[in-house]
Every structure is written in structure tokens, then in C-alpha cells.
Amino acid sequence: MTVDRDRLTVLASEFSDLRLSVDPRTGGPVELWRESDPERSVGLRAAVHVISGGTEHRSPTGGLEYHDTVDVTADGTVDVTGDGTADGTREVTGDIPGGPDAAAEVATSIALESRTYRISAHTTAPADWQLTWRYEFRASHPLLAVSVEVAALNEHCVARNVHIELAATLEDPDQWRIHAPGNALRADLPLKSLTQPTGVSPAGGLRGSTGMIVAEQVTTETSLVLWPLSKTEIGEITLSPTPSGILVTWQSDVAGQPGTAAPLLASAIYLDLQPTPYASLLSEIPVWLDTLGMSTPDSAPAWVRQASIFEVQIGFSVFNGDWRYSPYPEAKDLLADLGRIQDLGYNTLQIMPRQPYPSYNVHDYADITTSYGNEADLGQIVATAHARGMHVILDILLHGVIDKESMRQAVQSVRTGPFADRLGEATPDSFSVDLSAGDSYLISWSRHIIDFEQYWIGGSPEHHPLIDTHPEWFCRDSAGNITGVYTKSFDVAHPGWQRYFIDACLHLVRVLDVDGFRFDAPTYNYFHNWSPRTRTNAGVSLLGCLPLFRQLRKELKALKPESLMYTEPSGVLLRESMDLNYNYDEQWLITSVMEPGGPDRQGVRTAAEVGRWLAERDAALPAGALTAHHIDSHDTFWWPLPGSKWRRDVYGAPAAAAWMTLFALSGGPYMTFVGGEQDIEKQVLAVNTLRARRPEFSDGVSDHAAVSVDDVNVYAVVRRGSAGSAVVLVNLGGEATTIDCRLDLPDPTHNGVVAADGLGGETVHFESRAGRSAAKIVLPAFGTKALLLPAF
């Protein structure tokens with residue numbers, strides 16, 4: 001693009017040739033470019049909004065919302081300062097206030113790692129707020145971090161949120177592709193196919209995402225990185241098309257009443273402009289993550305990769321129309337079914353909290369019988385499972401306690417709220433779409449409250465005793481009222497509560513000898529905490545689980561080294577202390593393929609695109625990250641109406657078996673919710689048996705490039721292990737197909753390869769073609785094969 005750089009302030013550093021031109025009037029970024037290639041540049045346009053003041057109200061679906069707020073924006077530049085040079089001073093070139101010869105004083109605090117410029121701007125409320133752009137040039141990739149300091153100029157100023165908008169001008173749109181690994185966009189999405197705003201899950205979000213967005217210029221092999229990354233708040237990221245490129249909107253969740261002592265900080269949007277194609281950049285993302293302190297532990301239990309998890313429910317759950325589901329009325333019924341579960345090849349039990357009370361709510365961690373089922377029977381389940389060589393983990397809650405007071409408030413909000421007349425509407429499983437897209441999740445959530453109303457009110461205490469013994473452990477609004485989504489929400493960042501929770505987990509391990517935990521919804525309390533302790537920084541509780549998990553890991557592993565830590569959100573921040581994470585991010589793939597829309601839609605459309613999406617998602621995660629795949633869990637089961645709760649209900653048993661095979665044989669653990677095995681038992685047994693017999697399916701690595709097929713409806717991947725390799729083929733089309741399957745693997749014999757089907761189908765004879773192998777293979781509709789190969 002063409003920019004008159006002489007009229008701008010150019011920011012530079014000694015660490016790279018990356019340059020940023022900023023507008024001296026506003027302090028905002030204008031152009032990102034490389035000094036070595038000044039024509040390879042991207043235009044930028046930014047805006048900052050501080051959502052200020054207003055009044056607090058309980059949302060009809062829980063949490064807090066704010067009315068009558070004021071949007072405070074920046075206007076003008078008053079000075080430029082920076083830090084990072086050895087001699088303590090640096091001249092800042094460009095048309096800055098004071099003239100072209102003006103120099104800004106520079107501090108020297110972090111000369112070896114970065115140089116930081118600070119540009120303060122006037123605001124539309126100059127008596128209340130001052131905003132300061134902070135540009136940090138880094139010695140490692142990503143090379144530039146852009147943050148905004150939000151300083152209150154009087155004690156009464158309250159910030160409800162800080163939004164940053166950053167637009168990029170991408171010339172010649174037909175030559176650009178968009179990448180957002182782990183999100184609901186297909187890989188290599190042409191910019192022209194980005195037709196609507198799309199949520200990008202942040203680093204602390206539900207999906208297996210970093211929050212990174214990359215725009216790739218195909219002809220010049222240039223990659224622009226736009227990466228909102230907060231390690232202290234969750235936030236929301238939206239990617240939208242514009243007539244000239246893309247717009248990234250970041251709701252940072254920075255909030256508080258900071259007073260005049262110290263500013264709030266919205267940190268940071270990382271920028272980079274790489275003279276390299278996206279494929280090369282992708283391979284570096286785990287290194288970037290590690291540099292920024294985001295990595296997975298290296299002490300996962302030895303058994304977790306081979307885990308075939310059977311999620312079980314004790315008691316009964318009740319849904320719309322008083323439809324009940326009760327696979328195990330009592331714990332002793334689960335004990336009696338252990339033989340069948342193991343005979344299907346499952347080797348790990350995941351025990352949900354007892355239904356319908358307390359369900360996914362905290363009653364009393366020490367009261368095992370109320371929380372999970374008869375304590376003596378549970379002890380026998382664990383002992384019997386261990387004797388059979390199986391593991392047992394508990395699903396444990398940490399979002400809040402339930403009592404009659406909280407439930408009456410939640411029920412009243414639903415019955416008088418915007419979805420009261422829509423509770424009978426059919427809704428999809430909520431994780432096939434962005435939770436912020438449409439009303440499906442909010443309708444399902446509201447219906448869930450009413451479905452369980454009588455049981456949660458009937459079973460809970462009038463007033464939970466922890467409220468009186470430890471009132472400081474709960475989130476509050478500004479009036480001092482304990483608040484929550486529907487429970488009375490714990491302040492998971494409170495040191496005293498963290499100690500209480502850690503002790504509760506250790507106690508459950510000592511008493512029941514369980515093999516670890518799945519931590520349900522640790523970021524469920526997605527609202528600001530205005531308690532006296534947190535009021536200056538009201539977002540501190542949003543990711544308060546992160547330090548909690550770090551400490552718990554130390555103590556849990558010391559008590560039982562082979563115990564499992566496993567949680568629901570899959571964002572990279574939630575992988576730092578976890579051995580395993582959920583696959584919310586994969587659920588949309590099923591819907592996107594099975595319910596196709598137009599040819600230009602943004603999602604995956606074929607099995608081939610599923611493979612590419614999985615490869616890119618995995619490549620962008622921290623090294624060693626593990627994901628527990630599933631097609632049916634209590635979460636996918638919970639939200640749709642009866643008759644649409646299982647994948648087999650919606651797409652049929654053959655399709656459910658095919659998707660189960662795809663996920664179960666593509667690496668790492670696999671799980672299902674009790675009942676999800678029905679009608680596909682034969683395929684479940686075959687898959688679980690194969691996983692146990694051939695470790696490459698769980699312990700190996702996926703190589704999508706080593707196999708090619710000529711039908712986009714067929715998913716194909718090579719799984720490589722130390723003792724053998726295999727080709728997984730899954731036909732996700734509704735019709736039979738004959739494919740030409742080619743392996744990009746050496747054929748040392750030059751005589752072809754004979755591959756048995758580990759799932760019991762016909763053996764396949766690969767012919768040798770120019771030192772590689774190829775075969776014609778017939779796959780019925782939703783047919784699958786796992787072709788066993790020698791190690792290569």
C-alpha cells in the first residue's frame with residue numbers, strides 16, 4: 001500500500017527490521033512493514049473504546065450486564081516515550097508534537113529483550129480517563145505487542161470493558177487466505193469466502209485455539225499475524241470481512257475501578273509480518289507459545305494416551321416433557337455393569353456428579369454420597385475397576401454452590417426473561433456453533449434450569465452454609481450481593497478458596513483412590529467480580545483457575561504421580577497444567593459436513609477438509625498437547641430436545657460409527673457418554689480392540705500428507721508409531737465409493753505392500769508404483785478401514 005511515511009511517526013527497534021508507522025495525532029497504528037522490503041506492507045487502522053460507568057443488573061441468563069454506559073474513545077497524541085536502549089536515549093523520527101527534531105526520553109529497563117514506546121492520547125472524557133498506546137518490539141516472534149493502558153484520573157471512574165478494533169487493509173483480496181486454527185473456519189479459507197463475522201476462541205476459551213489469526217498473501221508468500229492474547233482475562237474475538245480486508249474486534253474483558261494509583265492494562269495484540277508462507281509459520285507456533293510461557297506439562301500419566309473413556313451418570317436426569325434418562329439409578333448398578341463396559345474395550349471410567357442433585361453444582365465436596373453416589377459402592381467401583389486394570393476419574397465442579405435462594409432467583413429470571421416462551425424450541429447441540437451465535441445456547445440453558453427446578457430446589461439447603469462461614473469466597477456485584485450464573489459463584493482466584501478446593505481434591509483421592517479429575521467448567525463464571533478484594537481489577541476471577549491448577553498439579557502429582565488432570569476448556573491457557581483437554585472445538589466439524597450449506601460457506605465441507613483442519617489445529621497447539629475426542633458426551637446430550645440427543649438420532653447409526661472411528665483412531669484418548677455406544681457396539685469393540693493392540697492409533701503421530709485419495713468425501717490419515725504404521729480411511733459420504741489410495745511412503749521391497757484391515761474388512765494389496773504404493777479400495781457408505789502397515 002502507499003503511505004506517506006514522512007508524515008508519520010516510525011517506530012523501530014534493534015531486534016528486527018520490523019517497522020510500525022503510527023499517526024502522531026492519535027497514537028494509533030497506520031502501517032506495518034519491513035525495512036528490508038518496504039513495499040511488503042499492510043495498512044492498519046485502530047480504535048479503542050472504554051465502556052465506562054453505567055449501572056449493574058443481573059442478566060436473565062445469569063452473570064452481570066450493564067445499562068447506560070458511556071463509550072470513551074481516544075483523541076490525539078500528547079507525547080512519545082520508550083524504553084530499551086543501552087544509552088538511555090533514542091530519537092523518535094517523524095512529525096511528532098514538538099517538531100521533527102524532538103526527541104523523547106527513553107528508559108533502559110529491558111534492553112536485552114524488548115524496546116517499548118508509549119504514546120498517550122486525549123480521550124472524549126479527558127477529566128476521567130487517559131489512554132496510552134504501548135508498543136513493545138520484541139526480540140522473539142511475534143515481534144510486536146500492542147497494548148493499551150487505561151488510567152483513571154479520579155477515584156470514581158469505573159471501566160466495564162475495553163474494546164480494541166484493529167482493521168488491516170489487504171490489497172488484491174483474491175490473493176489472500178485466512179487462517180484461524182482451532183476455530184469454525186476451514187483451513188486455507190480464501191478471503192473472499194469470509195462472508196460474515198466469526199467468533200475466534202481466545203487463548204482462555206473453550207475451543208482448542210490460541211486466538212491467532214493469520215492472513216496469508218499467496219503470491220508474495222507473506223503472512224500477517226493478528227493475535228489478541230490475554231493471559232489474565234478471557235475476552236471475545238470477532239473476525240469480520242471489510243471492503244478492504246479484515247477487521248479484528250477484541251473485547252478484552254479488562255474492567256475495574258482502578259483509582260489513580262495504577263492503570264488497567266489491555267494486553268496485548270501481537271503483530272508480525274513474516275516474509276514466509278503460512279505453512280512455514282505454522283510449524284513455528286509451538287515455539288512461539290513456549291517463548292510466551294504456554295506449554296503443556298511433561299509428566300502426563302503413562303496410561304492417558306491409550307485411555308478409552310466411558311462417561312457414566314448415576315441417578316437420573318430429567319428433560320423437557322419430564323423425559324428421563326437413568327442408565328445407572330444407583331452406584332451399585334454401575335458396579336454390576338463394569339464387566340460389559342470392559343468387554344466393549346473401555347479402560348477408564350469418568351464418573352459424573354450424581355443426578356439430579358447436586359448435578360453440576362457444588363453441595364459439599366466431603367459429602368461423597370450426595371455428590372456422586374453411595375460412598376461405599378463408589379469405593380467398591382474403584383477397587384473393582386483397578387483389579388480389572390481400569391482407571392477411574394471424577395468429574396468435579398468449581399463454579400459455585402447451589403441453594404434454594406440461588407435457584408429461586410435463577411428460575412424467576414428465566415420465567416420473566418426473553419426466552420420464557422421459547423423453551424420448547426428445538427436447538428442443536430450448542431457446541432456445533434459459536435456460543436455467541438444466535439439464541440440456541442441461551443434457550444437450552446433456560447430450559448435446563450426449568451427442567452431441573454424442582455429437584456435442585458427440593459434437594460438443596462435454603463441457604464448454603466459456606467456463605468456464612470466464608471463470605472469472602474464468593475463473587476459479588478457492586479452492591480455487595482453474591483452473584484452468579486445460577487449458583488452462588490465461587491471467586492476461584494481467592495487464595496483461601498483455592499486452598500479449600502485443593503484440599504478437597506486431595507481428600508477424594510485419599511478416600512476413594514481415584515486416578516484423577518475432569519474439572520468441569522472452570523471458566524463458567526464469565527462475568528466481572530466487583531467484590532472489595534477485586535474491585536480495582538474486576539477481571540481477576542475470570543482466569544483465576546490458572547494459578548489454582550498450577551498449585552493443585554504440584555500437590556496432586558506428589559500424592560499420586562500417575563493421576564490425571566483433565567479439563568473442559570481447550571484454549572492454550574487451559575492446557576498449561578493439564579494432561580488432557582476436551583474437544584469442544586471438533587464438534588462443529590460433524591454438523592458442518594453432515595448438514596452442508598452453500599459452496600462458498602466458511603466451514604469445512606468435506607472429509608478431506610476435516611483432515612486438513614485437524615492437522616492445522618494440532619500443529620498450532622503446544623507440543624505434546626492431548627485432546628479427548630468424542631462425538632457423544634453429556635454436554636452434546638444435554639442441550640437438544642429428546643429425539644435429537646445422540647449423533648445416531650440425528651444422522652443414523654452408520655454415520656455415528658464412522659465419526660467415532662475417525663476420532664478414536666486419529667490419536668490420543670477417546671470417550672463416550674453412557675448410551676452413546678448403543679447400536680454401534682460392534683464397531684466400538686473393533687475400534688477399542690485395535691487401539692489396545694496397535695499403539696500407533698493412540699500413541700503415534702498423524703501424517704495427513706503421507707496418503708492421498710481421489711474422493712473428497714473420504715478422510716485419510718497415516719498414523720505412525722515406533723512399531724508400526726496404519727492408514728485410517730473413513731467414508732463420510734452417504735454413498736459407496738471406490739477410491740485410488742496412494743501412499744507417500746517408501747516401499748523397501750518394491751513389490752508392493754499387503755495391508756490387513758484391523759477393523760475386520762478385506763485385506764488390501766498395494767501395488768508398487770515408482771517406489772511408492774497405490775491401491776483401488778471400495779468403501780461402502782460410511783465405511784471405514786484401518787490398514788495395518790509395517791513401520792516406515
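It should be emphasised that the depicted structure is a prediction, and the values quoted were computed from it without experimental measurement.

Visitor: What should I look at first to understand the overall build of the protein chain in this one?
Guide: Assigned secondary structure in the protein chain consists of 19 helices and 43 strands. A compact globule built from 792 residues would reach a C-alpha radius of gyration of about 28 Å, and the protein chain, at 27 Å, matches this within 12%. Dimensions of the protein chain along its principal axes, counting C-alpha atoms only, are 80 × 75 × 50 Å. Considering the protein chain as a whole, with its 792 residues, one finds that 61% of them fall into the buried category. Pairs at least 24 apart in sequence give 70% of the contacts found in the protein chain among residues at least 6 apart.

Visitor: Mind showing me how you'd approach the nonpolar core here?
Guide: If you look at soluble globular proteins, the nonpolar side chains tend to sit buried side by side. Core analysis: the largest hydrophobic core is formed by 148 residues, its most contacted members being Trp 227, Phe 501, Phe 517, Phe 519, Phe 549 and Trp 659. Setting aside residues no more than four positions away along its own chain, Phe 501 makes contact with Tyr 365, Ile 396, Leu 397, Leu 398, Phe 519, Leu 548 and Leu 552. One finds Val 162, Val 200, Ile 269 and Leu 271 within the second-largest nonpolar core, a separate group that totals 54 residues.

Visitor: Please clarify how the environment of Thr 169 should be interpreted in this entry.
Guide: If you trace the backbone, Thr 169 turns up in strand 14 (residues 159–169). With a relative accessible area of 30%, Thr 169 lands in the partly exposed category. Sequence separation between Thr 169 and Arg 186 is 17 residues, and the spatial gap between their C-alpha atoms is 22 Å. Not counting the four nearest positions on each side in its chain, Thr 169 is found in contact with Val 42, Gly 43 and Ser 244.

Visitor: Any chance you could explain the packing of aromatic side chains here in plain terms?
Guide: For any pair of aromatic rings, the description consists of the separation of the ring centres together with the inter-plane angle of the planes. Going through the model one piece at a time under the given rule, you end up with 37 aromatic pairs. Where Tyr 325 meets Trp 646, the ring centres are 6.0 Å apart and the plane angle is 65°; that geometry is what we call edge-to-face. Taken together, the residues span a long stretch of sequence, with Tyr 325 in strand 25 (residues 323–325) and Trp 646 in the loop between helix 15 (634–638) and helix 16 (647–651) at a distance of 321 residues. Residue Tyr 325 shares its accessibility class with Trp 646, and that shared class is buried. Following the ring pairs from residue to residue traces out a cluster consisting of Phe 319, Trp 323, Tyr 325, Trp 445, Phe 452, Trp 456, Tyr 486, Tyr 524, Phe 637, Trp 638, Trp 646 and Phe 673. In this arrangement the basic side chain of Lys 645 is found over the ring face of Phe 319, its NZ or CZ atom lying 3.9 Å from the centre. Seen from the ring of Phe 637, Lys 645 lies directly overhead, with NZ or CZ sitting 5.0 Å from the centre.

Visitor: How do you make sense of the state of the cysteines when you look at a structure like this?
Guide: Linking two cysteines covalently through their sulfur atoms gives a disulfide. The final tally for this structure, using the stated rule, is zero disulfides. Left unpaired, Cys 545 is separated from the closest cysteine sulfur, that of Cys 475, by 12 Å. Looking at Cys 545, the relative accessible area reads 0%, which means it is buried.

Visitor: Sorry, what's going on with the pairing of strand 27 (residues 391–397) here?
Guide: Every other side chain in a regular strand lies on the same face of the sheet, so the side chains alternate between the two faces. Burial of strand 27 is extensive: seven of the seven residues sit out of reach of the surface. Every second residue of strand 27 is oriented toward a common face, with His 391, Ile 393, Asp 395 and Leu 397 on one face and Val 392, Leu 394 and Ile 396 on the other, all of them buried. Where strand 26 (residues 348–351) meets strand 27, four bridges bridge the pair, whose relative direction is parallel. Within the sheet, the bridge partner assigned to Gln 350 lies in strand 27 and is Ile 393. Sheet topology places strand 27 next to strand 30 (residues 516–520); four bridges connect them, and they run parallel. Looking at the pairing, Ile 396 lines up with Phe 519 of strand 30.

Visitor: What should I look at first to understand the pattern of salt bridges in this one?
Guide: When charged atoms on two side chains of opposite charge get close, those side chains can pair. Scanning all chains against the criterion turns up 44 salt bridges. Here Arg 422 and Glu 425 are joined by a salt bridge, their closest N and O atoms 2.8 Å apart. With a relative accessible area of 27%, Arg 422 lands in the partly exposed category. The partner of Glu 568 in a salt bridge is Arg 518, and the shortest N-O contact between them spans 3.5 Å. Here Arg 518 lies in strand 30 and Glu 568 lies in the loop between strand 31 (564–567) and strand 32 (580–582), a separation of 50 residues in the sequence. Accessibility expressed as a relative area gives 6% for Glu 568, which makes it buried.

Visitor: Would you mind going over unusual backbone geometry with me for this structure?
Guide: Comment: phi is negative for the bulk of residues other than glycine, and the bulk of peptide bonds are trans. Of the consecutive residues His 141 and Pro 142, the connecting peptide bond is found in the cis state with omega at -5°. Among the secondary structure elements, Pro 142 is positioned in the loop between strand 12 (129–138) and strand 13 (144–152). Residue Pro 358 is bonded to the preceding Tyr 357 through a cis peptide linkage, with omega at 10°. Turning to its location among the elements, Pro 358 is positioned in the loop between strand 26 and helix 5 (368–371). One non-glycine residue, Asp 68, adopts positive backbone phi at about 60°. Taking the relative accessible area as the measure of exposure, Asp 68 reaches 68% and is therefore exposed. One non-glycine residue, Asp 513, lies in positive phi territory at about 65°.

Visitor: I tried to follow the packing of helix 7 (residues 404–415) against helix 8 (residues 440–451) on my own but got confused; where do I start?
Guide: Packed helix pairs are characterised by how far apart their axes lie and by the angle those axes make with each other. The geometry of helix 7 relative to helix 8 is characterised by a closest axis approach of 10 Å and an angle of 130° between their N-to-C directions. Here helix 7 is positioned oblique relative to helix 8, judged by the angle of their axes. Helix-helix and strand crossings are classified by hand; for helix 7 and helix 8 the assignment is left-handed. Taken together, the residues of helix 8 that come into contact with helix 7 (itself represented by Met 407, Ala 410, Val 411, Val 414 and Arg 415) are Trp 445, Ser 446, Ile 449 and Ile 450. For the contact of helix 7 with helix 8, the residue count by class is seven nonpolar, one polar and one charged.

Reading the values: the criteria
- Residues numbered from 1 in each chain as written.
- Predicted model: local features only at pLDDT ≥ 70, side-chain atom pairs only at ≥ 80, totals over all residues.
- Heavy atoms only, no water.
- Helix = DSSP H or I, 4+ residues; strand = E, 2+ residues; numbered from the N terminus.
- Rg over C-alpha atoms; globule rule 2.2 N^0.38 Å.
- Buried < 20%, exposed > 50% of the residue type's maximum accessible area, 1.4 Å probe, protein only.
- Contact = heavy atoms within 4.5 Å.
- Core = buried A, V, L, I, M, F, W, Y, C linked by side-chain atoms within 4.5 Å.
- Phe/Tyr/Trp six-rings, centres within 6.5 Å; stacked < 30°, edge-to-face > 60°.
- Lys NZ or Arg CZ within 6 Å of the ring centre and 35° of its normal.
- Disulfide = S-S within 2.5 Å.
- Pairing = 2+ DSSP bridges.
- Salt bridge = Lys/Arg side-chain N within 4 Å of Asp/Glu carboxyl O.
- Axes fitted to C-alpha atoms, helices over the stretch in contact; angles between N-to-C directions.
- Parallel < 35°, antiparallel > 145°, perpendicular 65-115°, else oblique.
- Left-handed = near helix turned anticlockwise from the far one by under 90°.
- Nonpolar A, V, L, I, M, F, W, Y, C, P; charged D, E, K, R; others polar.

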